[in-house]
There are 2 protein chains.
Amino acid sequence: MTDLHVYDTTLRDGAQQEGLNLSVADKLAIASHLDELGVGYIEGGWPGANPKDTEFFARAATDLRLRNATLAAFGATRRAGGRADTDPLVAALLASGAPVITLVAKSHTGHVERALRTTLEENLEMIRDTVSFLRAEGRRVFLDAEHFFDGYTTDRDYALEAVRVAAEAGAEVIALCDTNGGMLPDRVADVVHDVVGATGARIGIHCHNDTGCAVANSMAAVAAGATHVQGTVNGYGERTGNADLLTVVANLQLKKGIELLEPHRLQESTRIAHAIAEVTNVPPYSRQPYVGSSAFAHKAGLHASAIKVDPDLYQHMDPKHVGNDMRMLVSDMAGRASIELKSRELGFDLDPGDENDRATLARVLRSVKEKELRGYTFDAADASFELLLRRDIDGALPDFFDVESWRVITDARGDDDALSEATVKVRAAGERVVQTGEGNGPVNALDHALRLALSSAYPEISHLELIDYKVRILDAAHGTDAVTRVLIETSDGTTSWTTIGVAANILEASWDALVESMTYGLVRAGVAPR
Amino acid sequence: MTDLHVYDTTLRDGAQQEGLNLSVADKLAIASHLDELGVGYIEGGWPGANPKDTEFFARAATDLRLRNATLAAFGATRRAGGRADTDPLVAALLASGAPVITLVAKSHTGHVERALRTTLEENLEMIRDTVSFLRAEGRRVFLDAEHFFDGYTTDRDYALEAVRVAAEAGAEVIALCDTNGGMLPDRVADVVHDVVGATGARIGIHCHNDTGCAVANSMAAVAAGATHVQGTVNGYGERTGNADLLTVVANLQLKKGIELLEPHRLQESTRIAHAIAEVTNVPPYSRQPYVGSSAFAHKAGLHASAIKVDPDLYQHMDPKHVGNDMRMLVSDMAGRASIELKSRELGFDLDPGDENDRATLARVLRSVKEKELRGYTFDAADASFELLLRRDIDGALPDFFDVESWRVITDARGDDDALSEATVKVRAAGERVVQTGEGNGPVNALDHALRLALSSAYPEISHLELIDYKVRILDAAHGTDAVTRVLIETSDGTTSWTTIGVAANILEASWDALVESMTYGLVRAGVAPR
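Residues numbered from 1 in each chain as written. Chains lettered and ligands numbered in written order. Predicted model: local features only at pLDDT ≥ 70, side-chain atom pairs only at ≥ 80, totals over all residues. Heavy atoms only, no water.

1. Let's talk about the overall build of chain A
For clarity, the threshold we go by: The numbering of helices and of strands both runs from the N terminus, where a helix is a DSSP run of H or I of at least 4 residues and a strand a run of E of at least 2. Exposure classes here rest on a 1.4 Å probe applied to the protein chains alone. A residue is buried below 20% of its type maximum, exposed above 50%, and partly exposed in between. Pairs of residues are marked as contacts when any of their non-hydrogen atoms sit within 4.5 Å. Computed with a 1.4 Å probe, the accessible areas rest on the Shrake-Rupley method; for each residue, only the protein chains presented here act as cover. Under the counting rule used here, the positive set is Lys and Arg, the negative set is Asp and Glu, and His together with the chain ends is not counted. Every charge is mapped to an atom, namely NZ of Lys, CZ of Arg, CG of Asp or CD of Glu.
Counting its regular elements, chain A contains 18 helices and 16 strands. Principal axes of the C-alpha set define a box for chain A whose edges measure 80 × 60 × 50 Å. Residues classed as buried in chain A amount to 61% of the 530 residues present. Taking the contacts inside chain A whose residues are at least 6 apart along the sequence as the reference set, 67% of them involve residues at least 24 apart. With an accessible surface of roughly 19100 Å², chain A has 48% of that area assigned to carbon and sulfur atoms. With 52 positive and 78 negative side-chain charges, chain A shows a separation of 1 Å between the mean positions of the two kinds.

2. A closer look at the side chain of Thr519 of chain B
Residues and elements named next belong to chain B. Put simply, the rule reads: Whenever two N or O atoms come within 3.5 Å, that pair is a polar contact, provided that in protein one can donate a hydrogen and the other can accept it, and provided that, for residues adjacent in sequence, both atoms are side-chain atoms.
With respect to the element layout, Thr519 can be found in helix α18 (residues 506–524). On the basis of relative accessibility, which here comes to 11%, the residue Thr519 falls in the buried class. From its side chain, Thr519 meets the backbone oxygen of Val515 in a polar contact 2.7 Å long. For Thr519, the contacting residues outside a window of four places in its chain are Leu387, Leu397, Phe400 and Phe401.

3. A closer look at the nonpolar core
Stated formally: As used in this record, nonpolar core signifies buried Ala, Val, Leu, Ile, Met, Phe, Trp, Tyr and Cys residues forming a set joined through side-chain atoms within 4.5 Å.
In terms of nonpolar packing, the biggest core is built from 191 residues, with Phe56, Leu143 and Ile174 of chain A together with Phe56, Leu143 and Ile174 of chain B touching the most fellow members. What Ile174 of chain B contacts, discounting residues up to four positions off in sequence, is Leu143, Ala145, Val163, Ala166, Ala167, Ala201, Arg202, Ile203 and Gly204 of chain B.

4. What to know about the state of the cysteines
Residues and elements named next belong to chain A. Threshold: In plain terms, two cysteine sulfur atoms within 2.5 Å form what is called a disulfide here.
Here the structure, examined in full by the defined rule, presents 0 disulfides over all chains. In this model Cys207 remains outside any disulfide bridge; the closest cysteine sulfur is found in Cys177, 8.7 Å from its own. What makes Cys207 buried here is its relative accessible area of 1%.

5. Considerations on the packing of aromatic side chains
Rules: Side-chain rings of Phe, Tyr and Trp, where Trp is taken by its six-membered ring, are said to pair if the distance between their centres is within 6.5 Å; with planes under 30 degrees apart they count as stacked, over 60 as edge-to-face, and otherwise as tilted. A ring is scored as having a charge over it whenever the NZ atom of a lysine or the CZ atom of an arginine sits within 6 Å of its centre and within 35 degrees of its normal.
Inspection of every chain in the model, using the stated rule, returns 23 aromatic pairs over all chains. With a centroid separation of 5.4 Å and an interplanar angle of 80°, the aromatic rings of Trp46 of chain A and Phe74 of chain A are classed as edge-to-face. Placement of the pair is Trp46 of chain A in the loop between β2 (41–45) and α2 (51–63) and Phe74 of chain A in strand β3 (residues 70–76), with a sequence separation of 28 residues. By relative accessible area, Phe74 of chain A is classed as buried at 4%. Where Trp406 of chain A meets Trp511 of chain A, the ring centres are 5.6 Å apart and the plane angle is 25°; that geometry is what we call stacked. Taken together, the residues span a long stretch of sequence, with Trp406 of chain A in strand β11 (residues 401–413) and Trp511 of chain A in helix α18 (residues 506–524) at a distance of 105 residues. For the pair Trp406 of chain A and Trp511 of chain A, a shared accessibility class is recorded, and that class is buried. Pairwise contacts between aromatic rings join Tyr7, Tyr41 and Phe142 of chain A into one cluster. Cation over ring: Lys371 of chain A sits above Tyr376 of chain A, and NZ or CZ is 4.9 Å from the ring centre. Here the basic side chain of Lys27 of chain B rests over the ring of Phe56 of chain B, its NZ or CZ set 5.7 Å away from the ring centre.

6. Concerning the side chain of His111 of chain B
For His111 of chain B, the position within the fold is in helix α4 (residues 109–116). Classification of His111 of chain B by relative accessible area gives buried; the value is 2%. One polar contact links the side chain of His111 of chain B to the main-chain carbonyl oxygen of Leu313 of chain A, over a distance of 3.1 Å. Setting aside anything within four residues of it in sequence, one finds His111 of chain B in contact with Leu313 and Tyr314 of chain A together with Lys106, Leu116, Arg117 and His147 of chain B.

7. Looking at the sheet that holds strand β11 (residues 431–439) of chain B
Selection criterion: Strands are labelled as partners when DSSP assigns at least two bridges between them. In this analysis, axes come from line fits to C-alpha atoms, helices being fitted only over the stretch in contact, and the angle between any two N-to-C directions falls in the range 0 to 180 degrees.
Here 6 strands make up an open sheet; going across it, the order is β13(A)-β12(A)-β11(A)-β9(B)-β10(B)-β11(B) and the pairing antiparallel. Because the sheet does not close on itself, it has two edges, and the strands there are β13 (431–439) of chain A together with β11 of chain B. Across this sheet, the average inter-strand angle for adjacent strands is 10°, counted without regard to direction. Pairing between strand β10 (residues 419–428) of chain B and β11 of chain B: 9 bridges, direction antiparallel.

8. Here we look at the interface of chain B and chain A
Applied cut-off: A pairing counts as a salt bridge when a side-chain nitrogen of Lys or Arg comes within 4 Å of a carboxyl oxygen of Asp or Glu. Asp, Glu, Lys and Arg are counted as charged, while Ala, Val, Leu, Ile, Met, Phe, Trp, Tyr, Cys and Pro are counted as nonpolar; the rest, among them Gly, fall into the polar class.
Across the boundary between the two partners, chain B contributes 109 residues, which contact 110 residues of chain A. Counting across the interface, chain B meets chain A through 2 salt bridges. With its nearest N and O atoms 2.5 Å apart, the salt bridge here joins Lys256 of chain A to Asp186 of chain B. Linking chain B to chain A there are 29 residue pairs in polar contact (both at pLDDT 80 or more). A total of 11 residues in the side of chain B that touches chain A trace back to one element, the largest contributor, which is strand β9 (residues 401–413) of chain B. Here the side of chain B that touches chain A is built from residues that sort into 42 nonpolar, 40 polar and 27 charged. With 9 bridges connecting them, β11 of chain A and β9 of chain B associate as antiparallel partners. Bridge pairing links Ile409 of chain A to Ile409 of chain B in β9 of chain B.

9. Section: helix α3 (residues 88–95) of chain A
Residue and element names in this part refer to chain A. Buried within α3 are the following residues: Val90, Ala92, Leu93 and Leu94. Those residues of α3 hidden inside the fold are in contact with β3, β4 (100–106) and α5 (120–136). Of the residues flanking the start of α3, the one acting as N-cap is Asp87, its side-chain oxygen 2.9 Å from the backbone nitrogen of Leu89.

10. A word on the environment of Ala226 of chain B
Residue and element names in this part refer to chain B. In this fold, Ala226 is placed in the loop between α9 (214–223) and β8 (228–231). Along the chain, Ala226 and Leu28 lie 198 residues apart, while their C-alpha atoms are 29 Å from each other. The contacts of Ala226, once residues within four sequence positions are left out, are Leu4, Val192, Ile203, Gly204 and Ala221.

11. Considerations on the pattern of salt bridges
Under the counting rule described, the total for this entry stands at 65 salt bridges over all chains. A salt bridge links Asp210 of chain B to Arg239 of chain B; the nearest nitrogen and oxygen atoms lie 2.8 Å apart. In this pair, Asp210 of chain B is assigned in the loop between β7 (203–206) and α9 and Arg239 of chain B in the loop between β8 and α10 (245–255), connecting sequence segments 29 residues apart. Grouping residues by exposure puts Asp210 of chain B and Arg239 of chain B together as buried. One network of salt bridges, in which partners are shared, links Arg12, Asp13, Glu43 and Asp144 of chain A.

12. Let's talk about the sheet that holds strand β6 (residues 173–177) of chain B
Residue and element names in this part refer to chain B. On the basis of which strands lie adjacent, the closed barrel formed by 8 strands has the order β1-β2-β3-β4-β5-β6-β7-β8 and parallel pairing. In this sheet, neighbouring strand axes are inclined to one another by 25° on average, regardless of whether the strands run parallel or antiparallel. The strands that helix α5 (residues 120–136) touches are β3 (70–76), β4 (100–106) and β5 (140–146); relative to β4, the one it contacts most, it runs at about 175°.

13. Looking at the pairing of strand β12 (residues 419–428) of chain A
Residues and elements named next belong to chain A. Of the strand pairs in this sheet, β11 and β12 are connected by 10 bridges, and their pairing is antiparallel. For Ser405, the partnering residue across the bridge sits in β12 and is Lys425. Two successive antiparallel strands, β11 and β12, enclose a turn made up of 5 residues, where Gly414 displays a positive phi of approximately 55°.

14. Comments concerning the packing of α5 of chain A against helix α7 (residues 156–169) of chain A
All names here are of chain A. The test is simple: Working definition: roughly parallel below 35 degrees, roughly antiparallel above 145 degrees, roughly perpendicular at 65 to 115 degrees, and oblique for all remaining angles. For a crossing to be left-handed, the near helix must be turned anticlockwise from the far one by less than a right angle; the clockwise case is right-handed.
Between α5 and α7, the shortest axis-to-axis distance is 8 Å and the interhelical angle comes to 20°. For the element pair α5 / α7, the angle class is roughly parallel. By crossing handedness, the relation of α5 to α7 is classed as right-handed. Residues Leu120, Asn123, Leu124, Ile127, Arg128, Val131, Ser132 and Arg135 of α5 lie in contact with α7, whose contacting residues are Tyr158, Glu161, Ala162, Val165, Ala166 and Ala169. Residue classes in the contact of α5 with α7 are distributed as 9 nonpolar, 2 polar and 3 charged.

15. Considerations on the pairing of strand β5 (residues 140–146) of chain A
Residue and element names in this part refer to chain A. Of all 7 residues in β5, 6 are buried; the element is thus mostly enclosed. In terms of strand pairing, β4 meets β5 through 7 bridges, oriented parallel. When the sheet's bridge partners are listed, Lys106 is paired in β5 with Glu146. Here 4 bridges tie β5 to strand β6 (residues 173–177), and the two strands are oriented parallel to one another. Within β6, the position partnered with Asp144 by the bridge is Ala175.

Honestly, that's just the spatial picture; any functional story needs more than this.
Rendered as structure tokens:
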């Protein structure tokens, strides 16, 4: 294992993201996930400046048993003209009990004079005084040199002096921050190389993604001599976000051979990235490198046949190293090969050598192509594809219930909000059931009515939740006469699946997708028809 | 202006993205946006391999008037053992009429032998033969060297030979593709530098984002001598997506001083990125560099006050260069100036010097912001904006009719198609009218019923036709509880206009947009209220 620091600031800088709001409980949950992943340092927040963060450190001391990570408290150097040993904010950092204290300090003359409004000399004194005081109190000290790269461009000597002062006062690491995120890799490499040579200090890197280069900038800094990398899970952060720590770690470990996490922990990164997304309630980004749900998904039919021959021809690394999976997307570009692979992925081993299996594959391919001509898109609806497959395999799809009819009424009076009411009539478990449901929209009402109607025969569906609903009008040239495609994502609490409906009538398309999602939920739960 | 090629492949490689499914009309709409942005080349698809793409090129020839861009057709080299002049797929490329033909070819020995299943020599012959044939037919030819970087690692000599053969046969550009997306910038720089030196060919770069470095890899290739950059708008593409062309262009132009787009076009990139997202129906990524809604959004706090002192201390560049806004929020695109301009454009000359006009502008800005917070987007709905403006200008919007109530019923029995029936009650020309309309969908039925109800008072609306209907679920985290945005485009035979409705209930949103579209139609026709 290398001694390069993996320093996570999801709980502090990541929490700056627009719309992201973490409770103390959220922060504790994320911290345990990060510890399980095996990061070296977890920056918990700014105790003293933010009551929530003060509480986080208090509860972390009792509730959080960290096995791998060291907790870091973030805070500023003491105020201008004051003293570190009497500065209340510095005292709050000590009171947090965090073994590592990361001080943010100015290294940009413009920021010292125009934002901090003090002298260049006093700013250096604030660094010297605060670092020495905390070291004397027995804490490890890291320093975040804010706006370092812009500061270096404005006044190289002063920027370097700030680094030297911090190092001489006992700061273990000085992290150079591209606070405004405007840097590109070549510049980051030059500056880091110069700072390492000119100061001899241990240098870290903290990047933002404003040029789309946060990951590459972090890689460039490490190549130039940085031995401490900061980032956030899922690249959370202000504006365009921070460097995605999981991507940086995977690149360094799998592409550069720098072992930062034990391999069995790196294999947890996909699961942990999604678990943390559940806590932050920020929908996971499907195109996220390494851990995204699409990161190893293949669509093009021309690839699929070759992938059968040799998967390594079409993936840059084996997804199992990060706990992700190769997925075949069935689409109108798909050939028999991708259907065969997809079926195998779903646990149906159809052997093209076997005559019956070959016939099944051909049937499935026909219905996929026929349905996609009518507007279906199975690459976005795995569950509907599995149901289609099961319908073509004898006994693979039980007949759970029959729909006799459904009706939905929506009305509005004057300026009042519209109300929707749905009535469905189904046969399940030998009973004919008629149920009515209300909703703030017609699909919502149909969803409620269908659940009510099925709940007595299949209580299993009660905990299914409709979590996403997408509508696309196809062939829109005909306006409301166009065909409508509806995609519904349903969750059973642990996993989720997407079903599809296509019809001229948007409510019919929605109804079909709803029925598919309930049916798939019952298949998934291994329920026998009643 | 540099002669570096900006080559967009949104319509071909971008369309490989999971869940992204473009109609021919979508592709034509995106192509005009790209042309307006000023890209040099638009790769439209693979005519011959995909009927939809064949139709795209046919319709592009008549419907698409490109001012800046050149259209490129993508396709493969002729099949092994065949001849280019008799290969049906090569013929389809010629038939597309595209002035540029981009051939994908193998340069990786493993892919030639295991995927293409032919000899290394025959693969080179396929390149030579196909390029020469297309050149002889008077087309410009670009070549995408698939899996080039992996191929170079496996067998440098063969990879270089493939480039030489293509160049000697007349290929203008050989684009080196990191097809599996596993490269990092340092490696890309080394390889491109070597290829440029060893072959003397004009080299292009095509990157995917599997290591989170697609943008940085493209930048590194240009620094190493590549003079042709491929990418997609919003980084659409298979797996983790392609290099985000807008980010690459902004980086090269604003950070490296390479002028790729006229500055006034670069200033359209934020608007165009969002307009294209409306077509693809892929929700815009708020953290997207340069054009994302959060890209220049600062969370209140530590920064806010200092930003007032000196914005440049806290942003890496002035957002106006890409048409973005530091204060811009997802829901808040409009500034007073743009409203003033828009009003003038609509024939309302509101003078900010005049007190009443200033008050009107402030009122309009308030209602725009308030409505956009609720999910309205007036960029896409000019007619609704004009109605909003008229409501704030005395006497500018007559009261044509009042809606008392509306109701729509949709039902289906067994496997029959669903039927919708709508009843609306309105007051127009002093009369109370109750009318019922049927349709193959609820919106269709509401449209018919509303026309019937208004036709006696306003026969002018009879010739209005609803020509497009778009639905977008906002805040999809709540599934069917989410807010729905409906855009309706209506035509009077000579021109068309778009109106918007936003509500929790999809039918209420649709109804609001329908009422707006009829109202605007009456304003447009200069009808007096009856």
